[in-house]
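Here are the chains, one letter per residue:
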Amino acid sequence: MVAITLPDGSVKSFPQPVSGVDVATAIGPGLAKAALAMKVDGALVDLKKVIDRDARIEIVTGKSPEALELIRHDVAHVLAEAVQELYPGTQITFGPATEDGFYYDFVREQPFTPDDFGKIEARMKEIIDRNEEIVREEWQGADAVKHFESTGEKYKAEWVQEIANRGEKISIYRQGKWLDLCVGPHLPSTGKLPKAFKLTKLSGAYWRGDAKNAQLQRIYGTAWASESDLKAHLTRLEEAEKRDHRRLGREMDLFHVQEEAAGSVFWHPKGWTLWRTLEGYIRRRLEDGGYVEVKTPQLVDRRLWEQSGHWDKFKDAMFLATPRAEGASVEEGDRVYAIKPMNCPCHVQIFKQGLKSYRDLPLRLAEFGACHRYEPSGALHGIMRVRAFTQDDAHIFCTEDQITAESIKFCDLLRQVYGDLGFSDVRVKFSDRPAIRAGEDAIWDKAEKALKDASKAAGLETTLNPGEGAFYGPKLEFVLRDTIGRDWQCGTLQVDFVLPERLDASYVGEDGAKHRPVMLHRAIFGSFERFIGIVIENYAGKLPLWLAPVQGIVATIVSDADDYAREVVKKARAAGLRVDPDLRNEKIGYKVREHTLAKVPLLLAVGRREAEQGTVAVRRLGTGSDAQETLALDEAIARFAKEADVPHA
RNA sequence: GCCGACGUAGCUCAGCGGUAGAGCAACUGAUUCGUAAUCAGUAGGUCGCGAGUUCGAUUCUCGCCGUCGGCACCA
């Protein structure tokens, strides 16, 4: 006798062990047809799994939140089956579900091309039509290894061997003639799959994620429960493309990049205005936060980098410069400079000037430091990942006892700034001690606790990023997501006991003896380039008034209003607004369209009526002509000047 | 760095073994117009760079550079 409890609380009893299929059928034929899998006491399993004890069961259908992942995983299998049917000799490796779809990694001499997609998709649909039953089997390790070796599946065999070595059972899923090693769960048959999928992209991927290993061919796809969901997803992708900072940067004439300076940004007047506005804003926040600003050299002798430890670990990513003419050899003893990849060693040099006392701590040295790193060519991305960037960097020199308070202060400041810039969902990763690290465990305990306390006190929820801390200390990473779903680390807070030691920084304590300060490395934007990119995407280019490089356009309707328009511009500028005239001989509709596309927040239209009455017709970005209002000039300017105020305490 | 795709006018893109085309933008002229494109005309290109094949290469082949999508990396 097996008692099955259903989600509504009702209990169904069965005389003998039952599968999910039996349970669903007992409830109704509609459900039996829709059933994809089930949850037994909360665990997702195959619908065909037989239950021989009392349990709570929930039938998973296409409408269940778990369904998508199941479907995507199954579609990945169908993709692999299709590929192996179409391209014999291709080896399979892994194929999981992803955030919005799936991928499968293959091994094949000949590269796949996007032209193959149509053919593969057609075969996948065929496999779904075949309605192949999906069956789970348990194999002996040796048998599985033998099977995969005999079919030439070297990668699968390697993986199976490892599982067998651990003494675990081998779980095989078979669909039709095709089979794969997989823990499941899966749908009962391929016919249950919706055909709402699409192969999207092709890429290389290293076996086991290690660049030292062979590179596999990865085919990505997206899969949904229904055709309309698929369409909606593709539409979302198109919309996201319109928010891409690279596209908006060009359309809004903010910046460009070009071949001769790959990985460096040419800032145009409007883009640079945006930069300076942000810089002015953050500078004021830092001043309020008790920071002092410094500026340190671009070129620094390699000896300092050797001392700091960067040379050993990061010299491949450092640009070097020598003072000698081209062609001259760089000999032993000659000066070799590195263009700084970071600011910390230089800030320590400032700290070390003169004798520091405990009364000087905490000392918060801030710099908008331009750094250069030779990033791998494949890593470059718009202005988000570049080789030349400016950090809103600061190092807080403090005592161990001050770590917690300083960390809290920083998290508060960061929250304030992100709030001002319209970021509501910030993910915070807490990266704790890595396997290879410097410093005593007691110090790590202290540092980790300080960071944890600080993020909690600032009301931040963190997710653990185990073992990903820097070798010198744990870190908080503040991650923002761009419009195409990529995550970027922007803010960071790192506790460092190592650099002060290596660079011999010290202060005189209350006891009159020398002590080592602790360094907190911290950034809010991370880099101006990356952060501006994210800001642009977050606002889809429609920047709030205070950030917009061109805040308003005064557009004339007839040339009789030219003089009045000039007067409006003059007064607006006197009030600190960034306003330009548009006196061109064009219809107002043309001007409206153009400045709307350029994402100018305010359009002040002036015709004869406005000139006579001393008013402006205000049309705001994102609203239509019906929402416009006519305001007295002085009133309008006062209102907008107030609205355009840079946020501050 | 690795795999794949791509690189044609300012932008978006078409073309293709016989040295290039469209729309928008630009420029000139006309038009003075009330909220997302007024009309007409003109001009604009070493087809990323360098080799090779060919009578002839933007087109085919190779190399390099860059961009894009991933992977790896990200102090």
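Basis of the calculations
Residues numbered from 1 in each chain as written. Chains lettered and ligands numbered in written order. Predicted model: local features only at pLDDT ≥ 70, side-chain atom pairs only at ≥ 80, totals over all residues. Heavy atoms only, no water. Near = heavy atom within 4 Å. Polar contact = N/O pair within 3.5 Å; in protein donor to acceptor, adjacent residues only side chain to side chain. Pairing = 2+ DSSP bridges. Helix = DSSP H or I, 4+ residues; strand = E, 2+ residues; numbered from the N terminus. Axes fitted to C-alpha atoms, helices over the stretch in contact; angles between N-to-C directions. Contact = heavy atoms within 4.5 Å. Phe/Tyr/Trp six-rings, centres within 6.5 Å; stacked < 30°, edge-to-face > 60°. Buried < 20%, exposed > 50% of the residue type's maximum accessible area, 1.4 Å probe, protein only. Lys NZ or Arg CZ within 6 Å of the ring centre and 35° of its normal. pLDDT = per-residue confidence, 0-100. Arc of directions from axis to C-beta. Core = buried A, V, L, I, M, F, W, Y, C linked by side-chain atoms within 4.5 Å. Domains from an automatic or database assignment. Buried area = accessible area lost by both parts, 1.4 Å probe. Salt bridge = Lys/Arg side-chain N within 4 Å of Asp/Glu carboxyl O. Nonpolar A, V, L, I, M, F, W, Y, C, P; charged D, E, K, R; others polar.

1. Some thoughts on the protein's contact with RNA strand B
Thought 1: In the region of RNA strand B, 56 residues are neighbours, and Ser 203, Gln 215, Asn 585, Arg 593 and Ser 625 sit closest.
Thought 2: In RNA strand B, atoms within 4 Å of the protein come 50% from sugar and phosphate.
Thought 3: Measuring from a sugar or linking oxygen of RNA strand B, one finds a side-chain N or O atom of Glu 259 at 2.6 Å.
Thought 4: Here a base nitrogen of RNA strand B sits 3.1 Å away from a polar atom, N or O, in the main chain of Gly 378.

2. Digging into the sheet that holds strand β34 (residues 629-632)
Thought 1: Sheet architecture is open: five strands sit in the order β31-β30-β32-β33-β34, paired in mixed fashion. The sheet is open, and its two borders are formed by β31 (579-582) and β34, each paired with just one other strand. With strand direction ignored, the average angle separating the axes of adjacent strands in the sheet is 30°.
Thought 2: As paired elements, strand β30 (residues 552-556) and β31 share four bridges and run parallel to each other. When the bridges of β31 are listed, Ile 553 appears paired with Asp 580.
Thought 3: Contacts from helix α18 (residues 588-597) reach β30, β31, β32 (602-606) and β33 (615-620), with the element oriented near 165° to β30.

3. Digging into the packing of aromatic side chains
Thought 1: Counting across every chain of the model gives 23 aromatic pairs.
Thought 2: Between Tyr 281 and Trp 546, the aromatic rings sit 5.2 Å apart at their centres with planes inclined by 50°, giving tilted as the arrangement. Note that Tyr 281 is positioned in helix α9 (residues 269-288) and Trp 546 in the loop between α16 (528-538) and β30, a separation of 265 residues in sequence.
Thought 3: Note on Trp 546: relative accessible area 6%, which makes it buried.
Thought 4: Here the basic side chain of Arg 72 rests over the ring of Trp 224, its NZ or CZ set 4.5 Å away from the ring centre.

4. Section: the sheet that holds strand β1 (residues 2-5)
Thought 1: Overall, mixed pairing links the five strands, which are arranged β2-β1-β7-β4-β5 in an open sheet. Two strands in the sheet have a free side with no partner beyond their single neighbour: β2 (11-14) and β5 (43-45). Within this sheet the neighbouring strands show an average axis-to-axis angle of 35°, counted without direction.
Thought 2: Pairing geometry for β1 and strand β7 (residues 55-61), over two bridges, is parallel. From the neighbouring strand, Thr 5 faces β7, where its bridge partner is Arg 56.
Thought 3: Taken strand by strand, helix α1 (residues 20-27) contacts β1, β2, β4 (35-40) and β7, and its axis lies near 120° from that of β2.

5. Regarding the side chain of Glu 406
Thought 1: Take Glu 406: it is sitting in helix α13 (residues 403-420).
Thought 2: Taking relative accessible area as the criterion, Glu 406 reaches 6% and is therefore assigned buried.
Thought 3: Aside from chain neighbours lying at most four places away, what touches Glu 406 is Pro 362, Arg 364, Ile 396 and Leu 520.

6. What about the confidence of the model for chain A?
Thought 1: The predicted model of chain A has a mean per-residue pLDDT of 92, with 98% of residues at 70 or higher.
Thought 2: Scoring of the predicted complex yields 0.93 for pTM and 0.94 for ipTM.

7. What about α18?
Thought 1: Lys 591, Val 592 and His 595 are the residues of α18 that are buried. Projection of α18 onto a plane perpendicular to its axis shows the buried side chains occupying an angular sector of 100°, all on one side.
Thought 2: Buried residues along α18 sit against β30, β31, β32 and β33.
Thought 3: Directly after α18, the chain includes Lys 599, whose backbone phi takes a positive value near 60°.

8. Comments concerning unusual backbone geometry
Thought 1: With an omega dihedral of 0°, the bond running from Gly 184 to Pro 185 counts as a cis peptide bond.
Thought 2: Topologically, Pro 185 is positioned in the loop between β12 (178-181) and β13 (197-206).
Thought 3: Cis geometry marks the peptide bond from Leu 361 to Pro 362; its omega dihedral reads -5°.
Thought 4: Summarising the element assignment, Pro 362 is placed in the loop between α12 (344-352) and β21 (363-372).
Thought 5: Notably, Arg 208 is not glycine yet its phi reads approximately 60°, a positive angle.
Thought 6: Inspection of the secondary structure assignment puts Arg 208 in the loop between β13 and β14 (215-223).
Thought 7: The exposure class of Arg 208 is partly exposed, given its relative accessible area of 38%.

9. As for the nonpolar core
Thought 1: One finds Tyr 418 and Leu 421 to be the most contacted residues of the largest nonpolar core, which totals 62 residues.
Thought 2: Sort the elements by how many residues they give to this core and α13 lands first, with seven residues.
Thought 3: With residues up to four places along the chain from it excluded, the contact list for Leu 421 reads Leu 278, Tyr 281, Phe 525, Phe 531, Asn 538, Tyr 539, Trp 546 and Leu 547.
Thought 4: If you look at the next biggest cluster of nonpolar residues, it comprises 32 residues, including Ala 67, Ala 80, Val 83 and Phe 197.

10. So, the domain arrangement of chain A
Thought 1: Taken as a whole, chain A is organised into domain 1 (2-60), domain 2 (67-236), domain 3 (259-298 + 341-538) and domain 4 (552-643).
Thought 2: Each of domain 1 and domain 2 has a C-alpha centre, and the two are 28 Å apart.
Thought 3: Facing 12 residues of domain 1, the contacting portion of domain 2 comprises 12 residues.
Thought 4: Summing the contributions of domain 1 and of domain 2, the shared interface buries around 850 Å²; its carbon and sulfur component is 59%.
Thought 5: Interface area lost by domain 1 to domain 2 is led by Leu 36, Asp 46 and Lys 48, which between them contribute 65%.
Thought 6: For the interface between domain 1 and domain 2, the tally reads one salt bridge.
Thought 7: Among the ionic pairs, Lys 48 bridges to Glu 133, the shortest N-O distance being 3.4 Å.
Thought 8: Applying the counting criterion to the domain 1 and domain 2 interface returns eight residue pairs in polar contact (both at pLDDT 80 or more).
Thought 9: Going through the elements one at a time, α2 (29-34), β4 and β5 are the ones with two or more residues in the side of domain 1 that touches domain 2.
Thought 10: For the side of domain 1 that touches domain 2, the class distribution of residues is nine nonpolar, no polar and three charged.

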